[in-house]
Amino acid sequence: HHCPWIYNCVGYRNHKYFFLLLFYSCLALHLVIWTMWETVRDAMVQNYSFFTMFVLLFGESLAVFLGILLTGFFGFHIWLMLRAMTTIEFCEKSSKRVRGEFPASAYKKSSWVGDIQEVLGKDFVLWLLPVTDLPPEGGLTFVSETTILTTDMSVGRAYASRQHKTGLPRAKPNH
């Protein structure tokens, strides 16, 4: 989908880079917030000039405000990644919630590590580095043995096979 904040489309080939942009932006903002706090506190105690005090307070306030927003946004994208959803899928599924839960994604892996690998790559050493570690499918094939879709289909095949072997009549479709 198109992200107006980075003025680019976020998709399969650059989802990792968008995720790392959020991660390193949060890291940098928190570094600014926590290291600048002591300087702001000293400026309040000592008698700094008005301009210096204004710049320090403005910078710290801006960093705290952006840090809170960006940390929440990054947390939301971690949550999305662990559920194998994109922002567009989240918006589409938010109207289909049942008892407050979102429907499972067809691309969800059986473990959270598999979901992280779909975004950040197979090699965990490269997860926090901006290098490509995409699977050879090229973003066109996502179904594997560990996806919910395949697991559900195999259960259906086993049931259909059992019906075929026992000669039980199949249910007629409702029209």
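Residues numbered from 1 in each chain as written. Predicted model: local features only at pLDDT ≥ 70, side-chain atom pairs only at ≥ 80, totals over all residues. Heavy atoms only, no water.

> A description of the overall build of the protein chain should follow, citing residues and the corresponding values.
Helix and strand counts for the protein chain come out as five helices and two strands. In the protein chain, the succession of helices and strands from N to C terminus is β-β-α-α-α-α-α. Here the protein chain holds 175 residues, and the buried ones make up 25% of them. Across the protein chain, the fraction of contacts at a sequence separation of at least 24, relative to all contacts at a separation of at least 6, is 55%. Total accessible area computed for the protein chain in this model is approximately 12500 Å², and 67% of it derives from carbon and sulfur atoms. (Helix = DSSP H or I, 4+ residues; strand = E, 2+ residues; numbered from the N terminus. Buried < 20%, exposed > 50% of the residue type's maximum accessible area, 1.4 Å probe, protein only. Contact = heavy atoms within 4.5 Å. Areas by Shrake-Rupley, 256 points an atom, 1.4 Å probe, with all protein chains shown as cover.)

> Tell me what's going on with the packing of helix α1 (residues 15–45) against helix α2 (residues 50–82), and back it up with residues and numbers.
Between α1 and α2, the shortest axis-to-axis distance is 8 Å and the interhelical angle comes to 150°. By the angle class used here, α1 and α2 are roughly antiparallel. By crossing handedness, the relation of α1 to α2 is classed as left-handed. Tallied by class, residues from the contact of α1 with α2 come to 25 nonpolar, seven polar and one charged. (Axes fitted to C-alpha atoms, helices over the stretch in contact; angles between N-to-C directions. Parallel < 35°, antiparallel > 145°, perpendicular 65-115°, else oblique. Left-handed = near helix turned anticlockwise from the far one by under 90°. Nonpolar A, V, L, I, M, F, W, Y, C, P; charged D, E, K, R; others polar.)

> An account of helix α4 (residues 112–120) is needed here, citing residue identities and associated values.
Within the span of α4, buried status applies to Gly114, Asp115, Ile116, Val119 and Leu120. Summarising the contacts, the buried residues of α4 are in contact with α1 and α2. Phi turns positive one or two residues past the end of α4, at glycine 121, with a value near 105°.

> Quick rundown of α1? Include the residues and the values.
The end-to-end C-alpha separation of α1 is 45 Å, in line with the 45 Å expected for 31 residues at 1.5 Å each. Considering bend angle alone, the principal kink of α1 is centred on methionine 36 and spans about 35°. When α1 is considered as a whole, its buried residues turn out to be His15, Lys16, Phe18, Phe19, Leu20, Leu22, Cys26, Leu29, Ile33, Met36, Val40 and Ala43. On its buried face, α1 sits against β1 (2–3), α2 and α4. (Expected span 1.5 Å × (residues − 1). Bend = angle between axes of the 7 residues up to and from the residue.)

> An account of the nonpolar core is needed here, citing residue identities and associated values.
In this structure, Cys3, Val10, Phe18, Phe19, Leu22, Cys26, Phe74, Met81, Ile116, Val119, Leu120 and Trp127 together form the largest nonpolar core, which totals twelve residues. When contributions to this core are tallied by element, the ones reaching two or more residues are α1, α2 and α4. The greatest single-element share of this core, amounting to four residues, is contributed by α1. With near-sequence residues (within four places) excluded, valine 119 lies in contact with His15, Lys16 and Met81. Met36, Val40, Met53 and Leu56 belong to the second largest nonpolar core, which has five residues in total. (Core = buried A, V, L, I, M, F, W, Y, C linked by side-chain atoms within 4.5 Å.)

> Give me the lowdown on the side chain of glutamate 60, citing residues and values where you can.
Looking at the element boundaries, glutamate 60 is found in helix α2. The residues contacting glutamate 60, other than those within four sequence positions of it, are Val32, Ile33, Met36, Trp37 and Val40.

> Which residues make up the packing of aromatic side chains, and what are the values?
For the structure on display, the rule yields eight aromatic pairs. Geometrically, the ring pair formed by phenylalanine 50 and phenylalanine 54 is stacked, given 6.3 Å between the ring centres and 25° between the ring planes. Remark: phenylalanine 54 and phenylalanine 50 occur in helix α2; sequence separation between them is four residues, near one turn of the helix. Residue classification places phenylalanine 50 among the exposed residues on the basis of a relative accessible area of 70%. By relative accessible area, which is 47% here, phenylalanine 54 ends up partly exposed. Plain terms: the ring middles of phenylalanine 124 and tryptophan 127 are 6.5 Å apart, the flat faces sit at 80° to each other, and that makes the pair edge-to-face. Joined through ring pairs, the aromatic side chains of Phe19, Phe23, Tyr24 and Phe74 make up one cluster. (Phe/Tyr/Trp six-rings, centres within 6.5 Å; stacked < 30°, edge-to-face > 60°.)

By themselves, these observations are geometric and do not establish any function.
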